[in-house]
Protein chains: 2
Amino acid sequence: MIYKKILTFFLLVVLSKADAQQLTWQQVAPGVWKGVAGQPEKYDLVKASGSTPSLAALQKMGEASFPLKQEEIQATLTDGKTYLRFPLAEKEQLFGLGLNFQTVYQRGKILQLHMDHYGGKDNGRTHAPVPFYVSSAGYGVFINTARYITVYAGTAVRKDSKHPPVEKNRNEDKSWSSRPYSDAVEILVPAAGTEIYVFAGPTALDAVRRYNLFNGGGALPPRWGLGFTQRVKSLFTSDEVKAEVDSFRLKGYPLDFVGLEPGWQSRAYPGTFEWDKKRYPDPAGFVKDMLKKDIRLNLWINPYVSKQASFYKQIAPYTGSHTVWTGEVPDFTIPEARKIFFGQLKKDQVDIGVSGYKIDEVDGYDYYLWPDVARFPGGLTGEQMRQTYGVLAMRYSLDMFKEKNERTYGLVRASNAGANTYPYVIYNDYYNHEDFITALINSGYIGVLWTPEARASKTSEEWIRRFQTVIFSPMAMINAWSSGTKPWSYADVAAPIKELALLRMRMMPYWYSEFAKYHYEGTPVFRGMSLEPGFENKTNTTVKKNLEDNPYLEAVSKEVKDQYMAGEYLLVAPLFTGQQSRKVILPKGKWYDFYTGAYAGDGEIITVAPGLDKIPVYVKDGGIIPLMPPLLHAPEKGQKVDLEIRVYGSKPGAYKLYDDDGVTMDYEKGAFDWRTITISKDAQGKLKGAVDAAHNKAIQSYNKITFRFMTAP
Amino acid sequence: MIYKKILTFFLLVVLSKADAQQLTWQQVAPGVWKGVAGQPEKYDLVKASGSTPSLAALQKMGEASFPLKQEEIQATLTDGKTYLRFPLAEKEQLFGLGLNFQTVYQRGKILQLHMDHYGGKDNGRTHAPVPFYVSSAGYGVFINTARYITVYAGTAVRKDSKHPPVEKNRNEDKSWSSRPYSDAVEILVPAAGTEIYVFAGPTALDAVRRYNLFNGGGALPPRWGLGFTQRVKSLFTSDEVKAEVDSFRLKGYPLDFVGLEPGWQSRAYPGTFEWDKKRYPDPAGFVKDMLKKDIRLNLWINPYVSKQASFYKQIAPYTGSHTVWTGEVPDFTIPEARKIFFGQLKKDQVDIGVSGYKIDEVDGYDYYLWPDVARFPGGLTGEQMRQTYGVLAMRYSLDMFKEKNERTYGLVRASNAGANTYPYVIYNDYYNHEDFITALINSGYIGVLWTPEARASKTSEEWIRRFQTVIFSPMAMINAWSSGTKPWSYADVAAPIKELALLRMRMMPYWYSEFAKYHYEGTPVFRGMSLEPGFENKTNTTVKKNLEDNPYLEAVSKEVKDQYMAGEYLLVAPLFTGQQSRKVILPKGKWYDFYTGAYAGDGEIITVAPGLDKIPVYVKDGGIIPLMPPLLHAPEKGQKVDLEIRVYGSKPGAYKLYDDDGVTMDYEKGAFDWRTITISKDAQGKLKGAVDAAHNKAIQSYNKITFRFMTAP
């Protein structure tokens, strides 16, 4: 009897563990390893995006050892699915796992990473459900699958856990917790196999950089993309657009590109993808006029094809089983579908000078998108297509511009892993300023760009507070398709708004260099404080006296989601409507006021009350910020501008200033330059600046260069 | 070239349709057909519940023809999943698809039927995610799978739809809709096959009855289960329980069973499943004392086992891979696990006279339940176990009582298809009175029981309004585990509350007969108006002038979710806090006031203002309601009571009065009786009543029988 029980127990243990397997890891680049569980699917996120690693840049980052204990990473193949398990140490915090809007810390969360609009909860359904996480312990994990995966980020507790939580009697023990500690990240991949990539640190930022570089590096926008953009009212005519553009110039507000909303098309929802001849009688002339004024055009689309489209019959064999608002859904995995669809856009719009698109509604809402039971003629399931449709639309739209040797910079409502290099910025319909900043922070962990766009506001206070973060973001945009709001619409803040818009323009050399670092080195321009060396979150909410009973309370420390890094040197601490002052956590090292150069603090929490006109921005000691004059549009190809290099604090240092023609794809063929700005001390200990000469005579965007030492010695 | 295109088109069409298959249907009972798609899994809802069809009752309902066009039901096997499609006509409305709390009409919804607590949205995550729907066209569809299925209930629009919605240009057409009409129900079953059952009508109620009978018929509670129950404060001692019971008797409020919450156990969350000897020093004596007072006991549990449980080591080999609040999860599919777990409950509690359980937290919240990556030694996945854990716990708990030839009547927080016969009522933590009534209505479509329990209230008005619906529900309960509220806690309504509680007791012969009809004939006791013949929803919200443009607006007609049928004759129209009056939609035919017998209306909408003390209840013409005296507890086995038979309206008719011993399982061996109450007209056209003699002398619960004709001629 005892014998039988022991045997049964033994068998159960053996059987239940039989198909848990350790993975074999293959180094695919320095600090990047690929693991394979089961039989990975033919289609995955890397294949959807077509991304290729920036091997040279990864090599430059150097070798590193595998950042986890390999024997603690396990895969179990069961039920046609892959269950993954990764170790999680007591003090780790996790970041990433999709474009979350309300939380930065992901430990303790359960997320089903599922392409969707953002529905108000950080549950994994979002515009960029990127299956990548980075740990505060300095490594990253990427699950390369185009399926809806479920991530238990330190929630599920295994019976055989090596660090199990302590059992408590809820009847009598007040310290009983409804969410016991877990020492693992577990992931359900609903497919019979998957590729997994692990990225080494040593820091969390290094892991993010390796992830970005593995996917080809970040996007490099054209210079004009970093200027200012206004999206005009939905049914505007070409004359109304011209008038609006003229009013920007007349009033002295910068403007680089204008977005046209559904009304540019003859039909929308579903679309014909051709100009509406009533509102736009002469598209080519109109686009040409705009370009003469240095104004580029960006056109709204969603890719769902009307039966009235001129190419409907051609594309119909290559569309999915289900319609979206009665429109058919091109299967962009099929070359013929791409040729027909983007052929129409190219012929009708790009070839006459349109510079980009806003690709709407590729994220979905279950009630309008194709269902998961949809099928596509190229072979994808509804699920795979949903996870990657935005990626495919971006990817193949780029060919239209590449063929013209032009860059684009557009908007998209759905992205995913692998799309890092695509010059598209995510936006959505949600409109919470605080949450927009949280999303901006989270975008930096997962290789996507996000714009905290301004639309309209209830008060001029809200308007300027939103505008202040717009200019410290990847795309400085007013999206007025519905409201018609202009930067000057709130008269009492029209003047400081103009100052802010011009500051955005002045900072273009900095933004452009920082985006180049995103592209060539993988460093996200806008990123959370946890990626900043010397940052310590001292706003812990845990109660000290409980730490002995529960050593895991660390995980619930308060998130910092209202300040972020912008480029190499800047710490941005926005205020939100209703705030007169706020606390700012300064990392270790000296920090200086961006506007005055005055000393602000060192590794401490300061309180600032900047007034309505200012957004608090701090510069790291030794910070070097190159500025240009406040032009009303970005410098065009070959246009030279002066440079004022601002220097903060007292430390010598160096800055890498990027340059190329700003508009073509020639940088991909090596037509770019890095110039080093060096700040050193002279014999008297006084700071002085110098800049390399341009290494490539053909590329020289800067004329006269001056230095301005912002901090009094 | 043209050739090639045609060929490609042809191939694509052929390929994409190649594996869509029509199903073959096998009649398994009169009016019930089974279809098989792919390879159904070994484990499904019917197997989990062990339900067996009530074939005799189904045969009595008679033959019927297949209610849909078989060629319009299709299954596609792809991606390891089964995609199902069912036709949906223009004017159909759909009901069921889980225990929804806010909506009754399910057409136009997307639901992932996923066992969970109710999170505030009707999205398919609920305590009874029953994959069954019934159509207003008079048929039902049941997907027999223990997986999380996704149902597109008339939302997804196929490219090849035979009744496609009309394309509109959103730019200029204001009638554009974001949710175009769909002519199909599509379902994603994440498994490589499934059984499907179709139930014939001709009415929707017939389809529901066939579904219920296919699963063995509805639950038949013991008589005491239909009395009143109070759940006492969590940490009450046996002395405190005794005092509370005495106060009910002293004050003259009825009481049949008392619920003990976590404190009865020595440890909880996770549990030991043994009495706490401090609070309950003599469990056997205590239970015996209670039974002497005709008070039964119901014990709270959740099935998660503490390491301190006496049987922990025995059961550990048979628990799942993951813990719940550090407790281990018995795999009830394994006989040994059941023997150990329920063996403990039987020995420690049932054998000393405990009458039932409240099985808590088997529904889950992702943050405490096992994850979907969990595995169970019996072979089930986390998903399959989650969909059915409540069903398994109920099913095997019944054996403890069957062995004693006793009935039980308990509470459970998770149920599913197939569990129809189990005498368990669903409850939850949510507490919205209106939504509780919507859930009561929805429970009637899917073969489960739901209690709109009262806990505590902000005002005496809310208290009495809640109490009024408590007594017209499957379990008349105050759940005071946290608040300690008693029926008389709100002094200004204590007297009418007592009247209501005693009315519940008086109506016991009616409730008991109606539950017998649920059991033997499949007719749900509490059910939505759409199942009532002659009911017409005249509160359409559609705007007439648009009907020409959009013939599908019918689907958005206003739901009726604030009135319901209770048994054969009663229409209950509760008021909610803040209401002084309300509208009631009376179906066609004459209706009478339950309290006075006065004529109320016929196929019309009436407005009533009943005052605080009354809940509006109407009786169908010819309604026959048997009442007993207002006892303080249900009649015990062999106890005889008088019967007052109330007759409403002017129609002759008949009522089937059910009888058995009320407490044992002997009814399963035929020890029951149906007596016919006949109302006929005498020579003067005056109504008179008669009752069959009891057919089984051993079963005769009723003494003196009198008639009371409520409506003046």
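If you check an unreviewed UniProt entry, chain A appears there as Alpha-glucosidase from Niabella soli DSM 19437. Regarding chain A, the UniProt comment filed under Sequence similarities (unreviewed entry) reads as follows: "Belongs to the glycosyl hydrolase 31 family."

Participant: With reference to specific residues and values, describe the overall build of chain A.
Facilitator: Each helix and strand counted, chain A has 13 helices and 36 strands in total. Here the C-alpha atoms of chain A give a radius of gyration of 26 Å, agreeing with the 27 Å that 2.2 N^0.38 yields for 713 residues. The principal-axis extent of the C-alpha atoms belonging to chain A is close to 95 × 75 × 50 Å. Scored against the burial criterion, the 713 residues of chain A give a buried share of 64%. Total accessible area computed for chain A in this model is approximately 24800 Å², and 53% of it derives from carbon and sulfur atoms. Once the 87 positive and 78 negative side-chain charges of chain A are each reduced to a mean point, those two points are 1 Å apart.

Participant: Break down the interface of chain B and chain A for me, citing the residues and quoting the values.
Facilitator: Contact residues are listed per partner, giving 76 residues for chain B and 76 residues for chain A. Summed over the shared surface of chain B and chain A, the result is eight salt bridges. Residue Glu167 of chain A is joined to Arg267 of chain B by a salt bridge in which the shortest nitrogen-to-oxygen separation is 3.1 Å. Summed over the shared surface of chain B and chain A, the number is 43 residue pairs in polar contact (both at pLDDT 80 or more). Secondary-structure elements contributing two or more residues to the side of chain B that touches chain A are helix H1 (2–17), strand S4 (74–78), strand S5 (81–87), strand S7 (109–115) and strand S12 (184–189) of chain B. If you tally residues by element for the side of chain B that touches chain A, the top one is H1 of chain B, at five residues. A per-class count over the side of chain B that touches chain A returns 29 nonpolar, 22 polar and 25 charged.

Participant: Residues and numbers for the sheet that holds S4 of chain B, please.
Facilitator: Residues and elements named next belong to chain B. Pairing is mixed in the open sheet, where seven strands are placed in the order S1-S4-S5-S12-S11-S7-S8. Of all strands in the sheet, those bounded by a partner on one side alone are strand S1 (20–22) and strand S8 (125–126). Taken together, the five bridges between S7 and strand S11 (residues 149–153) define a ladder with antiparallel strand orientation. From the neighbouring strand, Lys109 faces S11, where its bridge partner is Ala153. In this fold helix H9 (residues 382–402) packs onto S7 and S8, with an angle of close to 80° to the strand it touches most, S7.

Participant: Provide a residue-level description of the packing of helix H4 (residues 204–214) of chain B against helix H13 (residues 508–521) of chain B, including the pertinent values.
Facilitator: All names here are of chain B. Following both chains from N to C, one finds H4 and H13 inclined at 75°, their axes separated by 8 Å at the closest point. With respect to each other, H4 and H13 are oriented roughly perpendicular. Contact residues: H4 offers Arg209, Asn212 and Leu213, while H13 offers Tyr518, His519, Tyr520 and Glu521. The residue makeup of the contact of H4 with H13, split by class, is three nonpolar, two polar and two charged.

Participant: I'd like to hear about unusual backbone geometry, residue by residue, with values.
Facilitator: In this chain, Gly201 of chain A is followed by Pro202 of chain A through a cis amide linkage whose omega measures 15°. Locating Pro202 of chain A in the fold gives a position in the loop between strand S13 (193–200) and helix H4 (204–214). Geometrically, the link from Tyr269 of chain A to Pro270 of chain A is a cis peptide bond, its omega value of 5° lying close to zero. Relative to the assigned elements, Pro270 of chain A resides in the loop between strand S15 (257–260) and helix H6 (283–292). A positive phi angle, close to 60°, is found at Asp294 of chain A, a residue other than glycine. Structurally, Asp294 of chain A can be placed in the loop between H6 and strand S16 (296–301). Even without glycine at this site, Trp325 of chain B takes up a positive phi of about 50°.

Participant: Residue-level account of the domain arrangement of chain A, with values.
Facilitator: All names here are of chain A. For chain A, the assigned domains are domain 1 (20–214), domain 2 (223–505), domain 3 (526–620) and domain 4 (624–709). Counting from both sides, the interface comprises nine residues of domain 3 and, opposite them, eight residues of domain 4. Buried area between domain 3 and domain 4, summed over both chains or domains, comes out near 690 Å², and the portion from carbon and sulfur atoms is 62%. It is Tyr569, Tyr592 and Phe594 that lose the most area in domain 3 upon contact with domain 4, and together they represent 61% of the buried surface on that side. If you look at where domain 3 meets domain 4, you find zero salt bridges. Where domain 3 meets domain 4, there are two residue pairs in polar contact (both at pLDDT 80 or more).

Participant: Please provide a residue-by-residue account of the confidence of the model for chain A, values included.
Facilitator: Low-confidence regions, as indicated by low pLDDT, have predicted coordinates that should not be scrutinised in detail. All names here are of chain A. Summing up the model confidence of chain A, the mean pLDDT is 94 and the portion of residues at 70 or higher is 95%. Below a pLDDT of 50 lies the segment residues 7–18, which in the model reaches seven contacts outside its immediate sequence neighbourhood of four places, other chains included. Segment residues 541–556: pLDDT under 50, and 15 contacts once partners within four positions in sequence are set aside and those in other chains are kept. Complex prediction metrics read pTM 0.94 and ipTM 0.93.

Participant: Explain the packing of aromatic side chains to me, using residue names and the numbers behind them.
Facilitator: Summed over all chains, the structure comprises 125 aromatic pairs over all chains. A centroid spacing of 5.2 Å and a plane angle of 70° characterise the contact between Phe594 of chain A and Tyr595 of chain A, whose relative ring orientation is edge-to-face. Relative accessible area serves as the criterion here: at 22%, Tyr595 of chain A is assigned to the partly exposed category. Between Phe311 of chain B and Phe341 of chain B the ring centres are 6.2 Å apart and the planes differ by 85°, which places this aromatic pair in the edge-to-face class. With Phe311 of chain B in the loop between strand S16 (296–301) and helix H7 (312–315) and Phe341 of chain B in helix H8 (residues 335–348), the pair connects residues that are 30 residues apart, well separated along the chain. Phe341 of chain B matches Phe311 of chain B in its accessibility class, with the two residues each being buried. Following the ring pairs from residue to residue traces out a cluster consisting of Phe273, Tyr304, Phe311, Phe332, Phe341, Phe342, Trp370, Phe376 and Tyr389 of chain A. Against the face of Tyr269 of chain B rests Arg170 of chain A, its NZ or CZ located 4.4 Å from the ring centre.

Participant: So what's going on with helix H11 (residues 460–470) of chain B? Which residues, and what values?
Facilitator: Residues and elements named next belong to chain B. Counting buried positions along H11 gives 10 out of 11 residues, so the element sits mostly inside the fold. Every buried residue belonging to H11 is among Ser460, Glu462, Trp463, Ile464, Arg465, Arg466, Phe467, Gln468, Thr469 and Val470, and all of these are buried. Contact partners of the buried residues in H11: strand S14 (228–231), helix H10 (433–443), strand S20 (476–479), helix H12 (494–506) and strand S22 (564–566).

Participant: Can you tell me about the nonpolar core, naming the residues and giving the values?
Facilitator: Residues and elements named next belong to chain A. Among the nonpolar cores identified, the biggest contains 188 residues, and Phe142, Val241, Leu260, Phe341, Trp370, Phe472 and Leu570 are the most heavily contacted of them. Sort the elements by how many residues they give to this core and helix H9 (residues 382–402) lands first, with 10 residues. Once residues within four sequence positions are removed from consideration, Val241 is found in contact with Val232, Phe236, Val258, Leu260, Tyr280, Phe286 and Met290.

Participant: Account for the relation of the copies chain B and chain A, naming residues and giving values.
Facilitator: When chain B is fitted to chain A, the residual RMSD is 0.0 Å, and the transformation amounts to a turn of 180° plus an axial shift of 0.0 Å. Each copy turns onto its partner about a two-fold axis. Considering only C-alpha atoms, the residue of chain B closest to the rotation axis is Gly80 of chain B, which sits at 3.9 Å. Here 99% of the contact residues of chain B are again contact residues in chain A; the copies associate through an equivalent surface.

Participant: Pulling in residues and values, what's your account of the pattern of salt bridges?
Facilitator: Applying the stated criterion to the full structure yields 92 salt bridges over all chains. Close ionic contact of Arg147 of chain A with Glu41 of chain A constitutes a salt bridge, the shortest N to O distance being 2.7 Å. Of this pair, Arg147 of chain A sits in the loop between strand S10 (139–144) and strand S11 (149–153) while Glu41 of chain A is found in the loop between strand S3 (32–38) and helix H2 (45–49), placing the two residues 106 residues apart along the sequence. The buried category is assigned to Arg147 of chain A, whose relative accessible area is 2%. What makes Glu41 of chain A partly exposed here is its relative accessible area of 23%. With a closest N to O distance of 2.7 Å, Asp366 of chain A and Arg386 of chain A form a salt bridge. With Asp366 of chain A in the loop between strand S19 (356–359) and H9 and Arg386 of chain A in helix H9, this residue pair connects regions lying 20 residues apart in the sequence. For Arg386 of chain A, a relative accessible area of 2% gives the class buried. Counted as one network, the salt bridges with shared partners bring together Glu41, Arg147 and Glu383 of chain A together with Asp79 and Lys81 of chain B.

Participant: Let's hear about the environment of Arg708 of chain A: which residues, and what values?
Facilitator: Residue and element names in this part refer to chain A. Checked against the element boundaries, Arg708 lands in strand S36 (residues 702–709). Sequence separation between Arg708 and Ala609 is 99 residues; the distance between their C-alpha atoms is 26 Å. Not counting the four nearest positions on each side in its chain, Arg708 is found in contact with Glu644, Ile645, Arg646 and Val647.

Participant: So, the UniProt feature "domain: DUF5110" (unreviewed entry) in chain A: which residues are in play, and what are the values?
Facilitator: Sequence positions flagged by UniProt for "domain: DUF5110" (unreviewed entry) are, in local numbering, residues 643–709 of chain A. Taken end to end, residues 643–709 of chain A is 0% helix and 54% strand, and its two terminal C-alpha atoms sit 14 Å from one another.

Conventions adopted
- Along every chain, residues carry numbers that run from 1 in the direction the sequence is written.
- In the order they appear in the text, chains get letters beginning with A and ligands get numbers beginning with 1.
- Thresholds applied to this predicted model are a pLDDT of at least 70 for local features of residues and 80 or more for the giving and counting of side-chain atom pairs; totals over whole chains, interfaces and linings are not thresholded and use all residues.
- For side-chain calculations, the full set of non-hydrogen atoms in the structure is used, while hydrogens and water are omitted.
- UniProt positions are given in the numbering used here, feature names are shortened, and annotations may be inferred rather than shown by experiment.
- Numbering of helices and strands runs from the N terminus, with a helix taken as a DSSP run of H or I at least four residues long and a strand as a DSSP run of E at least two residues long.
- Our radius of gyration is a C-alpha quantity, and the globule rule it is checked against amounts to 2.2 Å times the number of residues to the power 0.38.
- Burial classification: accessible surface area is computed with a 1.4 Å probe over protein chains only, and a residue below 20% of its type maximum counts as buried, one above 50% as exposed, and the rest as partly exposed.
- Computed by Shrake-Rupley with a 1.4 Å probe, the accessible areas treat only the displayed protein chains as cover when residues are assessed.
- For this count, His and the chain ends are skipped, Lys and Arg are scored as positive, and Asp and Glu as negative.
- Charged groups are reduced to one reference atom each: NZ for lysine, CZ for arginine, CG for aspartic acid, CD for glutamic acid.
- Residue contacts are counted whenever heavy atoms from the two residues lie within 4.5 Å of one another.
- Any carboxyl oxygen of Asp or Glu that lies within 4 Å of a side-chain nitrogen of Lys or Arg is treated as forming a salt bridge with it.
- Two N or O atoms form a polar contact when they lie within 3.5 Å of each other; inside protein one atom must be a possible hydrogen donor and the other a possible acceptor, and for residues adjacent in sequence the pair counts only when both atoms belong to side chains.
- Residue polarity follows a fixed list, in which Ala, Val, Leu, Ile, Met, Phe, Trp, Tyr, Cys and Pro are nonpolar, Asp, Glu, Lys and Arg are charged, and the others, Gly among them, are polar.
- Here, a strand pair is defined by DSSP locating no fewer than two bridges between the strands.
- Only C-alpha atoms enter the line fits that serve as axes; for helices the fit covers just the stretch in contact. Angles between N-to-C directions range over 0 to 180 degrees.
- Here the angle decides the label: under 35 degrees means roughly parallel, over 145 means roughly antiparallel, 65 to 115 means roughly perpendicular, and every other value means oblique.
- These domain limits were set by an automatic method or by a database of domain assignments.
- Accessible area that two parts lose when put together, evaluated with a 1.4 Å probe and summed over both, is termed the buried area.
- Confidence per residue, as judged by the predictor, is encoded in pLDDT with a range of 0 to 100.
- Paired rings are identified among Phe, Tyr and Trp, the last through its six-membered ring, by centres lying within 6.5 Å, and are further divided according to the angle between planes into stacked (under 30 degrees), edge-to-face (over 60) and tilted (the rest).
- Two limits define a charge over a ring: the Lys NZ or Arg CZ must be within 6 Å of the ring centre, and within 35 degrees of the ring normal.
- Buried Ala, Val, Leu, Ile, Met, Phe, Trp, Tyr and Cys residues form a nonpolar core when they are joined through side-chain atoms within 4.5 Å.
- Superposition of the copies used a least-squares fit over C-alpha atoms from residues whose pLDDT is at least 70 in both.

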